[in-house]
Amino acid sequence: MSEPVTMLETPIRIDYEFTAGLAQSRYLKGIAEGRFLGQRCPKCGKVYVPPRGSCPTDGVPTTDEVVLGNTGIVTTYCVVNVPFQGQSIELPYICAQILLDGANIAFMGLIQEVPTDEIRMGMRVEAVWVDKKELGPTMASVKYFRPSGESDAAYETYSEYL
Amino acid sequence: MAPGTRRRGPARPVAVVSFAQSDSLRREEHRNDVEMLQPVIEDVFARVGLTKDDMDFVCSGSCDYLVGAPFSFVGALDAVGAWPPMRESHVEMDGAFALYEAWTQLQEDDIDTALVYSFGRSSMSEIGRVLTLQLDPYYMAPLWPDPVALAALQAQALIDTGRYGEGDFAAVAARSRRDAKDNPHAQVKGDHTPEELLGDDYVVTPLRRHALPPITDGATAVILAAGDRANALCERPAWITGMDHRIETHALGARDLTTSPTTRRAAGGAGLLDDDGEGSGASVTVDVAELHAPFAHQELILRDALGLGEGVTINPSGGALAANGIMVAGLVRIGEAASRIMDGTAATALAHATSGPCLQQNLVCALAAEPAGDGGR
Amino acid sequence: MAESEVLRAPHRIEYTYTRSVGPIIGAFLTGLRDGKILGATTPGGRVVVPPTEYDPITSEDIGELVEVGPSGVVTTWAWTDTPLPDQPLDRPFAWALVQLDGADTGMLHAVDAAGPRAMASGMRVTARWRPAGERIGHLRDIECFEAEGAG
């Protein structure tokens, strides 16, 4: 008991009620229906998925809704070998940037059903959804992406998204 | 001259040329930060016929803890459109301090315009707990004192000096609510007598509900322009003739909570006091003063610190008692004060912004219809 | 979309910060664990409690730490009937700045009293300590203050 005090623990806890906002709510409702919804900027014509409500390039509302398909391109990827607190995915796993057909921005997704030494840039992939009755307004509705079997996309078709 | 005060060379004339704000709401029910901010940005540009491409610098103020998301301020840039790559900065503070940074940048002379904005949705969290996180983590935060409790300690200390009582707090609140009726963006407005307000229950003694600010969601934006650019954009620019901010120790018990020496010193640094804010004799003379006093008793402390006389119109907007967006209300004070210059109702104005518990940090912005004759002090 | 369709979800941020305290704050917290309250002497002769690493006004280095209290004077107070989570007491209490005997600044803490009528600026209070075995080197090793002579 004669050791001087050298550390202080201060537990912090704050509770929020998070509002998804109009654009993200729209997107998550689309997910609950088993589809990817993007929004197009009326000025530059780019399609953003997930939509953000405002075009990050032009600062105008992205009012046009666009239904995107289930397939896309792996623009880049990495193979993760390091566990993190709370992870549930088995190591090693592939994390990739996926450019859905029709979108102008890639988003991050999990890739499965392909060995880690066969993943490559340009691989065409398709979304694997949970069973219809399990769909909800949550990204857990999309289990992962897997190779679609189509030929790889040419580098020029996705190079500007790298 | 006070240590740390440096008499600057002539300040480059910079003016507020546009100001926009959202309605202040108890709760923004539907839109997220970007969607709430975007129309305000659109509005502030439309008023002067400019776009983001005309801005040489963009600076914003917000606090990620309000929504509990890291880098939320970066996401808010979507409301502006950050392409081509822009010169941009951000402060985790009220937008008034972002404006100070933009004004400082404009002094450097290689830019002519700046967009300043701030936003925040206090309704999303337990705002009292969020603000407690800014306190000393060793000696204060472990007790989780909320902002009302700390303000109440200050209010009691003020009552103990004999200078003011609860009736004075109620009078400030009644006047603020009445004046807010003329402000379409304000949240708390109406006709009440001080006697009616004194019927409110105490929230934390000696502060009753009317002496507290509302919880507010909102966003605001200001455009600054320098020299001839300001004249080209606006018929009556609100020239910033000086601006300064000062902070007191964070050790609450080592401060005199009943005075605001840093507000006085900031006013001196902004060129509003002959004695640079060092003495107690000089007083500020302006037509309008927008004081960021979230608690009613704080307006009295600020008024005394600045020596504001009867001829000064205080908080014609209703002030922070009528709408208190965290991270927003200080920048709104600058915008409201500037508006009085721009609409011709005032020739001189002062805007004050505060940060930290019990008026710990204070900014004073001096505004006028004419740029300072010698370029400012 | 209809605004009523906006989605909401509860979201909690939770983290335990572990901070090193350094020699001054560390000495203060060690003192609390040992049942005493320390303050810092400034070159100007003031005693700052709780001790800051530097003079809070002039920024000069502080001198030695001295014991203060355990009693002192309430310099200002504020009564709350509805304590919020994690605050010092879970029943109505007074916040106060307490200037301990020997100190020149006030320390923030809680006062356990019967009601606001039992509180007054200038009243004397004494620290109520947690039992020695429960003290860990934390501001809450002092459970609260109480009117002198009340314990």
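The structure reproduced in this document is the subject of the present report. Since we're looking at a predicted model, the values are computed, not measured. (Residues numbered from 1 in each chain as written. Chains lettered and ligands numbered in written order. Predicted model: local features only at pLDDT ≥ 70, side-chain atom pairs only at ≥ 80, totals over all residues.)

What follows deals with the overall build of chain B. In terms of regular secondary structure, chain B is built from 11 helices and 12 strands. Relative to the 2.2 N^0.38 estimate, which gives 21 Å for 377 residues, the radius of gyration of chain B is 19 Å and therefore close to what a compact globule would have. Taken along its principal axes, the extent of the C-alpha atoms in chain B is 50 × 50 × 45 Å. Scored against the burial criterion, the 377 residues of chain B give a buried share of 63%. Residue pairs in contact within chain B that sit at least 24 positions apart in sequence constitute 78% of those at least 6 positions apart. (Helix = DSSP H or I, 4+ residues; strand = E, 2+ residues; numbered from the N terminus. Rg over C-alpha atoms; globule rule 2.2 N^0.38 Å. Buried ≥ 20, exposed ≤ 12 C-beta atoms within 10 Å, placed from the backbone. Contact = placed C-beta atoms within 7 Å.)

Bringing the sheet that holds strand β4 (residues 65–68) of chain C into the picture now. Residue and element names in this part refer to chain C. Pairing is antiparallel across the open sheet formed by three strands, whose spatial order is β3-β2-β4. The outermost strands of the open sheet, each flanked by one partner alone, are β3 (47–48) and β4. Direction of pairing for strand β2 (residues 37–41) relative to β3: antiparallel, over a ladder of two bridges. Following the sheet pairing, Ala-40 is matched in β3 by Val-48. Against the sheet, helix α1 (residues 22–33) touches β2 and β4, its axis set at about 150 degrees to β2. (Pairing = 2+ DSSP bridges. Axes fitted to C-alpha atoms, helices over the stretch in contact; angles between N-to-C directions.)

A few words on the interface of chain B and chain A. With 26 residues of chain B at the contact, the number on the chain A side is 23 residues. Looking at the side of chain B that touches chain A, the elements with two or more residues in it are α1 (33–46) and α4 (127–132) of chain B. At four residues, α1 of chain B tops the list of elements feeding residues into the side of chain B that touches chain A. Here the residues of the side of chain B that touches chain A sort into 14 nonpolar, six polar and six charged. (Nonpolar A, V, L, I, M, F, W, Y, C, P; charged D, E, K, R; others polar.)

All right, on to the packing of helix α9 (residues 261–269) of chain B against helix α10 (residues 296–306) of chain B then. All names here are of chain B. Contact geometry for α9 and α10: axes closest at 8 Å, N-to-C directions at 45 degrees. For the element pair α9 / α10, the angle class is oblique. Crossing hand, α9 versus α10: right-handed. Residues Thr-263, Arg-264 and Ala-267 of α9 touch α10, and the partners they reach there are Leu-302, Ala-305 and Leu-306. By residue class, the composition of the contact of α9 with α10 is four nonpolar, one polar and one charged. (Parallel < 35°, antiparallel > 145°, perpendicular 65-115°, else oblique. Left-handed = near helix turned anticlockwise from the far one by under 90°.)

Next up on the list: the interface of chain C and chain B. Contacts between the two partners involve 34 residues from chain C and, on the opposite side, 26 residues from chain B. Every element with two or more residues in the side of chain C that touches chain B is listed here: β1 (8–20), β5 (71–80), β6 (93–100) and β7 (107–112) of chain C. Considering every element that reaches the side of chain C that touches chain B, the biggest residue donor is β5 of chain C, with five residues. In terms of residue class, the side of chain C that touches chain B is built from 20 nonpolar, 10 polar and four charged.

What follows is about unusual backbone geometry. Following Leu-91 of chain A, the chain continues into Pro-92 of chain A via a peptide bond in cis, with omega recorded as -15 degrees. Relative to the assigned elements, Pro-92 of chain A resides in the loop between β5 (71–80) and β6 (93–100). Phi angles above zero are rare outside glycine, and Phe-71 of chain B is one such case at about 60 degrees. For Phe-71 of chain B, the location among the structural elements is in the loop between β2 (58–61) and α2 (72–76). For Phe-71 of chain B, a count of 9 C-beta atoms within 10 Å puts it in the exposed group. The phi angle at Cys-358 of chain B is positive, at roughly 50 degrees, despite the residue not being glycine. Relative to the elements of secondary structure, Cys-358 of chain B occurs in the loop between β11 (348–355) and β12 (361–368). What makes Cys-358 of chain B buried here is the crowd of 22 C-beta atoms within 10 Å.

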